[in-house]
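# Survey of secondary and tertiary structure
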Amino acid sequence: MATMQECRDALDRLSENLTRSDHDGVRGVAAFDRTLSCHITDLDTTFGGRLADGRITVEDTRPGPPHERAQIRLAMAGDDLLALVDGELNFAKAWASGRVRLEAGFRDLLHLRKLL
C-alpha cells in the first residue's frame with residue numbers, strides 16, 4: 001500500500017510531466033484553471049489544490065473524502081495513483097473498470113480527454 005508521502009510525490013511528478021509536455025494540445029489543456037481534489041481511498045485522505053498554469057498545486061491535505069466540491073474530482077487507491085503516474089496503469093482501462101473515478105463538468109471532461 002502506498003504511503004501518503006508517495007502519493008504526494010506522485011502528484012508532484014504528474015505536475016512536472018504536465019509542465020514538460022511538448023505537445024501543444026496537452027499544454028493548452030493543462031493551462032486551464034480548475035480546482036482539483038484527489039481522494040486516496042485506501043488512505044482515506046484527500047489532496048486538494050488547483051490545476052492552473054500547467055501545474056498541479058496541492059494546497060492542503062485532509063483526512064476523509066473531499067470537504068468541498070472541486071471542479072475536477074479524482075478518487076483511487078494510492079497504488080493506482082503511483083501506477084498511473086509511472087505509466088504502468090492505463091487511465092482509460094482503470095476508469096472503465098472503476099479502479100479510478102473521475103468526476104468533472106462535461107466541458108472539463110472534453111479538455112481532460114486529451115490528457116488521459
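Residues numbered from 1 in each chain as written. Predicted model: local features only at pLDDT ≥ 70, side-chain atom pairs only at ≥ 80, totals over all residues. Heavy atoms only, no water.

Labelled according to an unreviewed UniProt entry, the protein appears under the name SCP2 domain-containing protein, originating from Streptomyces finlayi.

### Some details on the packing of aromatic side chains
All told, the structure shown has one aromatic pair when counted by the stated rule. With a centroid separation of 6.0 Å and an interplanar angle of 35 degrees, the aromatic rings of phenylalanine 91 and tryptophan 95 are classed as tilted. Of this pair, phenylalanine 91 and tryptophan 95 both sit in helix 4 (residues 91–97), separated by four residues, roughly a single helical turn. Of the residues examined, phenylalanine 91 reaches a relative accessible area of 12% and is grouped as buried. (Phe/Tyr/Trp six-rings, centres within 6.5 Å; stacked < 30°, edge-to-face > 60°. Helix = DSSP H or I, 4+ residues; strand = E, 2+ residues; numbered from the N terminus. Buried < 20%, exposed > 50% of the residue type's maximum accessible area, 1.4 Å probe, protein only.)

### So, the layout of surface pockets
Think of a ball as big as a water molecule: rolled over the atoms, this probe shows where empty space is left. As a volume, the second largest pocket reaches approximately 250 Å³. Leu36, Gly48, Gly49, Asp60 and Glu68 are, among the 14 residues lining the second largest pocket, the residues nearest its centre. Across the lining of the second largest pocket, the residue classes break down as three nonpolar, six polar and five charged. (1 Å grid on protein atoms, 1.4 Å probe; cavity = no way out; pocket = protein on both sides within 12 Å on 5 of 7 lines; lining within 4 Å. Points joined across faces, edges and corners; volume = space filled by probe spheres on them. Nonpolar A, V, L, I, M, F, W, Y, C, P; charged D, E, K, R; others polar.)

### Details of the nonpolar core
With 28 residues, the main nonpolar core has Cys7, Ile72, Met76 and Leu81 as its most contacted residues. Ranked by the residues each element gives to this core, the list is headed by helix 3 (residues 78–85), at five residues. Setting aside anything within four residues of it in sequence, one finds leucine 81 in contact with Cys7, Ala10, Leu11, Ile40 and Met76. (Core = buried A, V, L, I, M, F, W, Y, C linked by side-chain atoms within 4.5 Å. Contact = heavy atoms within 4.5 Å.)

### Considering the pattern of salt bridges
Counting across every chain of the model gives seven salt bridges. For arginine 34, the salt bridge is made with aspartate 108, and the minimal N-O distance between the two is 2.7 Å. Linking arginine 34 in strand 1 (residues 34–40) with aspartate 108 in helix 5 (residues 106–112), this pair joins segments that are 74 residues apart in sequence. Pair check on accessibility: arginine 34 and aspartate 108 agree, each one buried. Across the pair arginine 99 and aspartate 80 runs a salt bridge whose closest N-O atoms are separated by 2.5 Å. Of this pair, arginine 99 sits in the loop between helix 4 and strand 5 (100–104) while aspartate 80 sits in helix 3, and the two are 19 residues apart along the sequence. The exposure class assigned to arginine 99 is partly exposed, which follows from its relative accessible area of 43%. (Salt bridge = Lys/Arg side-chain N within 4 Å of Asp/Glu carboxyl O.)

### Section: the sheet that holds strand 5
One open sheet accounts for five strands, arranged 3-2-1-4-5; its pairing is mixed. Lying at the two open borders of the sheet, with one neighbouring strand each, are strand 3 (55–63) and strand 5. Neighbour to neighbour, the strand axes of the sheet diverge by 20 degrees on average, direction disregarded. As judged from the seven bridges shared by strand 1 and strand 2 (residues 45–52), these two strands associate in the antiparallel manner. The partner of threonine 35 across the bridge, within strand 2, is arginine 50. The sheet contacts of helix 1 (residues 4–20) involve strand 1, strand 2 and strand 3, and relative to strand 3 the element is tilted by about 160 degrees. Its contacts with the sheet place helix 3 against strand 1, strand 4 (72–76) and strand 5, and it is angled at close to 110 degrees to strand 4. (Pairing = 2+ DSSP bridges. Axes fitted to C-alpha atoms, helices over the stretch in contact; angles between N-to-C directions.)

### A look at the pairing of strand 2
For strand 2, the tally of buried residues reaches seven of eight residues, placing the bulk of the element in the interior. Hairpin connection, strand 1 to strand 2: the antiparallel pair is bridged by four residues, and aspartate 44 has positive phi, about 45 degrees. In the sheet, strand 2 pairs with strand 3 via eight bridges, with the strands oriented antiparallel. Looking at strand 3, one finds that arginine 50 is bridged to threonine 57. What sits between strand 2 and strand 3 in their antiparallel hairpin is a turn of two residues, with aspartate 53 showing a positive phi close to 55 degrees.

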